[in-house]
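Each chain, letter by letter, is given below.
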Amino acid sequence: MGDQEIQALSRKIFLTISPPGNGDIIGDQERILNALTPDFGAVRFSRRLLKKIYPLCREANWEITLTLVKSGATWELVELEPGDWRHRHLGLAVDLGSTSVSMRMVDLNTGKVLGEESILNHQIAYGDDILSRIFYAKNKPAHLLAVQEATIGTFNALMNRLEEATGINAQKSCIMVVSGNTTMIHFLLGIDPWPIFEYPFAPVFNHTGYLDAWDLGLNTSGYLYCMPSVANYLGGDTISGLLLAGLHEKDELGLFIDIGTNGEMVLGNKNFLVAGAGAAGPALEGGISKNGMKATAGAVDSVIIVENELRLTTIGGHRPLGICGSGIVDLIAQMLLSGWIDFSGRFNPEKSRRIVKRDEEYGVLYATRDESGSGEELLFTQKDMSQFIDTKAAASTMVAYLLERLGVEAMDVDRLYVSGAFGTYINLESAITIGLYPDLPRERFVSLGNSSLNGAYSLLTNGDKMETVTMLQERIEYLEFGAATDFISRMYAARFLPHTDFDLYPTVKAALKKQGRLR
């Protein structure tokens, strides 16, 4: 954004207040409140700020800067500063992911992004995946506290990094908007997320309101707002995504998809919003394969097969060290089109010398010892393939189930919004080829990038969107995929590439015919 005035979630105002004296003995707090009433109506003081008034106001000669945040019908007083500090109005937007956490520092006078940093979530010390951390913390207060402190430590480390990068003290931010899945927000607040995973799968809370960041151990004196969740698997990161996609504002039918550890999707328009979510698995983040890895330097990120020869690229142009989600999707799609695998994902060893047998299991050798950066063979095995196809089947079945519940066909979807790192870097043709996304005209697809972070930024820089956030949380109808009796049998049908019903994938069918794979 440029340098125009914005309606940020917080307001910063400068007041010169007449001091007490000559029989005017109104209390300091009331004196400030009286000055605020004409513009802000009801304003609430925290005890922390009440303790700060004296001697601050007197020493500042009653020239003070006040920071306020709107909370429903009232305003919350967040900070008191001596002198005029309107020029320094900072906010932080945070994407609290289970693997990595991103933080954006924003000038709330203009909306300008001053800096952005990402690091791995310190929670990983208590389990690589989210479920391990949940079991680690279950009914063990000391363990739960450790996971919470790891989360807070991640935030504080990011604030330090932002300060190093920008020269601006991130601790002076007055408001932080955090977007994350339901479990991550429970961990942030030190609340056991176990009820999310135990029948009837109801979270401890969905909405936090404003929290005092200092009370949580964050190195900032401002307020914290967490995007509300809708249900166990439908978190504030989805609400953030919907703020960007804007399904609720449009006549056209839109489908929002975010596939990561969980698959979250919302179908609807301005008349209705129906959502579903379920476990998709770590496959799409390169987390299934022995040689799978995150999208970092040395990860294979794209693959093509030309004249039966495998060609690949890596992030940073290094020798390959493993393969990330986008590389896996390309690899499977290219092998399907070239006949290296059949429609169930089984390898055809006679088709390429790259298909080898190791430890009684077939796999594709996408980098030999001489080709890899580690001196080790890099394989994508039959077991890896099976796990990936399970994930793909879960994701495509969720979409099909959502469409069917509303009585619409995939082609009725006017716009498909793809979110998350995976959705940003994936080759769209490859994703459709293997049946991960519906076979729609390509111009209907919109990539939202990191919609969790961008949605948090959107609310931070436009306080009016708080009403939209509340409306979205209340309006979404949530379907529990796990409760669908035929979900498993449908998933089995979706375990084929792209699907048992080729007519659902006309462009893939045409490509397979062109390659001589179908008659």
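Use the structure listed above.
Treat the numbers as computed from the prediction; the structure is a model and nothing was measured.

Description of the overall build of the chain
Next up, step 1: Per the secondary structure count, the chain includes 16 helices and 22 strands.
Next up, step 2: Over its C-alpha trace the chain gives a radius of gyration of 26 Å, about what one expects of a compact globule, namely 24 Å for 519 residues.
Next up, step 3: Taking the principal axes of the C-alpha coordinates as reference, the chain spans close to 100 × 50 × 50 Å.
Next up, step 4: Within the chain, buried positions represent 54% of all 519 residues.
Next up, step 5: Across the chain, every contact between residues at least 6 apart in sequence was considered, and the portion connecting residues at least 24 apart equals 64%.
Next up, step 6: In the form shown here, the chain has an accessible surface area of approximately 22,100 Å², with 50% of it arising from carbon and sulfur atoms.

Examining unusual backbone geometry
Next up, step 1: Following Y54, the chain continues to P55 via a peptide bond in cis, the omega torsion being 10 degrees.
Next up, step 2: Considering the arrangement of structural elements, one finds P55 in helix α3 (residues 53–59).
Next up, step 3: For the bond running from Y199 to P200, omega is 10 degrees, close enough to zero to count as cis.
Next up, step 4: Inspection of the secondary structure assignment puts P200 in the loop between α6 (182–188) and β9 (210–212).
Next up, step 5: Even without being a glycine, N61 presents a positive backbone phi close to 60 degrees.
Next up, step 6: Position of N61 among the secondary structure elements: in the loop between α3 and β3 (63–71).

Comments concerning the side chain of T397
Next up, step 1: Structurally, the position occupied by T397 is in helix α10 (residues 382–405).
Next up, step 2: Once residues within four sequence positions are removed from consideration, T397 is found in contact with F487, R490, M491 and A494.

Some details on the pairing of strand β7 (residues 113–120)
Next up, step 1: Where strand β6 (residues 100–107) and β7 come together, 7 bridges link them in antiparallel fashion. Each bridged residue has a counterpart across the sheet, and for S102 the counterpart in β7 is S118.

Quick look at the nonpolar core
Next up, step 1: Counting 61 residues, the largest nonpolar core has L255, I332, M335, F380 and Y437 as its most contacted members.
Next up, step 2: If you tally residues by element for this core, the top one is α10, at 11 residues.
Next up, step 3: Residue contacts for L255: discarding those within four places in its chain leaves L247, M265, V266, L267, V399, L402, V413, R415, L416 and Y417.
Next up, step 4: Counting 40 residues, the second largest nonpolar core, distinct from the first, contains A8, Y457, L459 and M466.

Focus on the sheet that holds strand β19 (residues 378–381)
Next up, step 1: Spatially, the 3 strands line up as an open sheet ordered β17-β18-β19, and their pairing is antiparallel. Two strands lie at the open edges of the sheet, namely β17 (355–358) and β19, each paired on one side alone. Put simply, the sheet's adjacent strands are angled 50 degrees from each other on average, direction ignored.
Next up, step 2: One ladder, built from 4 bridges, connects β17 with strand β18 (residues 361–367); its direction is antiparallel. When the sheet's bridge partners are listed, R358 is paired in β18 with E361.
Next up, step 3: In the packing of α10 onto the sheet, the strands contacted are β18 and β19, and the crossing angle to β19 comes to about 55 degrees.

Conventions used here
Per chain, residues are indexed from 1 in the order of the written sequence. Confidence filtering applies because this is a predicted model: local features only for residues at pLDDT of at least 70, side-chain atom pairs given and counted only at 80 or more, and all residues used for totals across whole chains, interfaces and linings. To get the side-chain values, take all heavy atoms of the structure and skip hydrogens and water. Think of it this way: any DSSP run of H or I at least four residues long counts as a helix, any run of E at least two long counts as a strand, and we number them from the N terminus. Each radius of gyration reported is based on C-alpha atoms, and the globular scaling rule is 2.2 Å times the count of residues to the power 0.38. Burial classes follow relative accessibility: with a 1.4 Å probe on protein chains only, a residue under 20% of its type's maximum area counts as buried, one over 50% as exposed, and anything between as partly exposed. Contacts are residue-level and defined by heavy atoms, with any inter-residue pair within 4.5 Å sufficient. Accessible areas in this description were obtained via Shrake-Rupley with a 1.4 Å probe; residue shielding takes into account the shown protein chains only. Here, any two strands with at least 2 DSSP bridges between them count as paired. Residues enter a nonpolar core if they are buried and are Ala, Val, Leu, Ile, Met, Phe, Trp, Tyr or Cys, with the set joined through side-chain atoms within 4.5 Å. Every angle, taken between N-to-C directions, lies between 0 and 180 degrees, and every axis is a line fitted to C-alpha atoms, over only the stretch in contact when it is a helix.

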